[in-house]
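What follows is the residue order along each chain.
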Amino acid sequence: MLRLPILSEKVEFKSNKENEMTTENDNKETKVVEEKKARRPASGAPRHNKKQETTTPDFEERVVAVNRVAKVVKGGRRFSFSALVIVGDQKGKVGYGLGKAKEVPDAIRKASQEASRRMIQVPVKDGTIPHEVLGEFDAGKILFKPASEGTGVKAAGVCRTILELAGVKNVLTKSLRGSNPHNIVKTTFKAFRQMRSVEQVASVRGVDPKSLRISNVK
């Protein structure tokens, strides 16, 4: 009869020890949660989102090429995608960009952000280009000629997309070499960089723009 209280004391001692261990574990967990909450930014603080798009609503973007790339590794093949995007405001500003990612939407987003950063100004006069120009890059070669009102954009494929987003309404083009969309894009932009308006030529020469005229040499 005398052993019963001794056993009960041992049981009570064990239970008290277990309770102390559980409380210590709970305290540790609460400390970890509080530390994580402290590291998080406040709800009203601005967050820097890397996935935020840089294109503005004034610009229009078009995807001209999407390519799937496979990388062979030890465990099999890993696929990734590359996207070629053209961005323009149809008022003389246009750009292109190439984006690469594991998914197609991410590749398009990266390409549009790069295109918005690489915009150039195209000298558009009365809906057409100022003069004839020959663009050439690697295997691509395209001839551009100004056209009168009502002619329209005589171009096809990627070149037509770029001209429409640049705001060109009337132009004649002839692809002399190449059909790769990447080469066509770079050829077209190289031709754009060679174009000069009457005002730009007059400022370089230091004369009045009215005293200059563009002669159509045939």
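Everything below is about the structure printed above this text.
These figures come from a predicted structure and were not determined experimentally.

About the thresholds
- Residues numbered from 1 in each chain as written.
- Predicted model: local features only at pLDDT ≥ 70, side-chain atom pairs only at ≥ 80, totals over all residues.
- Heavy atoms only, no water.
- Helix = DSSP H or I, 4+ residues; strand = E, 2+ residues; numbered from the N terminus.
- Buried < 20%, exposed > 50% of the residue type's maximum accessible area, 1.4 Å probe, protein only.
- Contact = heavy atoms within 4.5 Å.
- Areas by Shrake-Rupley, 256 points an atom, 1.4 Å probe, with all protein chains shown as cover.
- Pairing = 2+ DSSP bridges.
- Axes fitted to C-alpha atoms, helices over the stretch in contact; angles between N-to-C directions.
- Phe/Tyr/Trp six-rings, centres within 6.5 Å; stacked < 30°, edge-to-face > 60°.
- Salt bridge = Lys/Arg side-chain N within 4 Å of Asp/Glu carboxyl O.

Undergrad: For this particular structure, what's the right way to read the overall build of the chain?
TA: On a plain count of helices and strands, the chain comes out with five helices and eight strands. Listing the helices and strands of the chain from first to last along the sequence gives α-β-β-β-α-β-β-β-β-α-β-α-α. The proportion of buried residues among the 218 residues of the chain is 29%. The long-range share in the chain, meaning contacts at least 24 apart out of those at least 6 apart in sequence, stands at 57%. Surface accessibility of the chain: about 15600 Å² in total, with carbon and sulfur atoms responsible for 51%.

Undergrad: Could you clarify how one ought to interpret helix H3 (residues 157-166) in this entry?
TA: For an α-helix, 3.6 residues make a turn, and residues three or four places apart therefore share a direction. Counting buried positions along H3 yields seven of ten residues, so the element is predominantly enclosed. Looking only at H3, the buried set comprises Val158, Cys159, Thr161, Ile162, Leu163, Leu165 and Ala166.

Undergrad: Just to check I follow, could you spell out the sheet that holds strand E8 (residues 171-177) for this structure?
TA: Two modes of strand pairing occur in sheets, parallel and antiparallel, and in both the strands are linked by backbone hydrogen bonds. As summarised here, the arrangement of the four strands in space is E5-E6-E8-E7, forming an open sheet in which the pairing is mixed. Unpaired on one side and paired on the other, strand E5 (133-137) and strand E7 (153-154) mark the two borders of the sheet. Pairing analysis gives two bridges linking E7 to E8, with the strands arranged parallel. By the bridge assignment for E8, Lys154 is matched with Leu172. Helix H4 (residues 181-194) rests against E5 and strand E6 (140-146) of the sheet, and its axis sits at about 140 degrees to E5.

Undergrad: Mind showing me how you'd approach the packing of aromatic side chains here?
TA: We describe a pair of aromatic rings using the distance from one ring centre to the other and the angle between the two ring planes. In this structure the tally under the stated criterion is three aromatic pairs. Geometrically, the ring pair formed by Tyr96 and Phe189 is tilted, given 4.8 Å between the ring centres and 55 degrees between the ring planes. Here Tyr96, found in strand E3 (residues 93-101), pairs with Phe189, found in helix H4; they are 93 residues apart in sequence, far enough to count as distant. Classification of Phe189 as buried rests on a relative accessible area of 1%. Plain terms: the ring middles of Phe144 and Phe192 are 6.4 Å apart, the flat faces sit at 45 degrees to each other, and that makes the pair tilted. Taken together, the positions of Phe144 in strand E6 and Phe192 in helix H4 put the pair 48 residues apart, joining distant regions of the chain. Taking relative accessible area as the criterion, Phe144 reaches 0% and is therefore assigned buried. Note on Phe192: relative accessible area 2%, which makes it buried.

Undergrad: Which parts of the structure should I look at to understand the pattern of salt bridges?
TA: Any two side chains of opposite charge can pair, on the condition that their charged atoms come close. One pass over the structure, following the stated rule, counts six salt bridges. Residue Arg177 pairs with Glu136 through a salt bridge whose shortest N-O separation is 2.9 Å. With Arg177 in strand E8 and Glu136 in strand E5, this pair connects stretches of sequence that are 41 residues apart. Its relative accessible area of 34% is what places Arg177 among the partly exposed residues. Of the residues examined, Glu136 reaches a relative accessible area of 35% and is grouped as partly exposed. In this structure, the salt-bridge partner of Glu164 is Arg160, at a minimum N-O distance of 3.1 Å.

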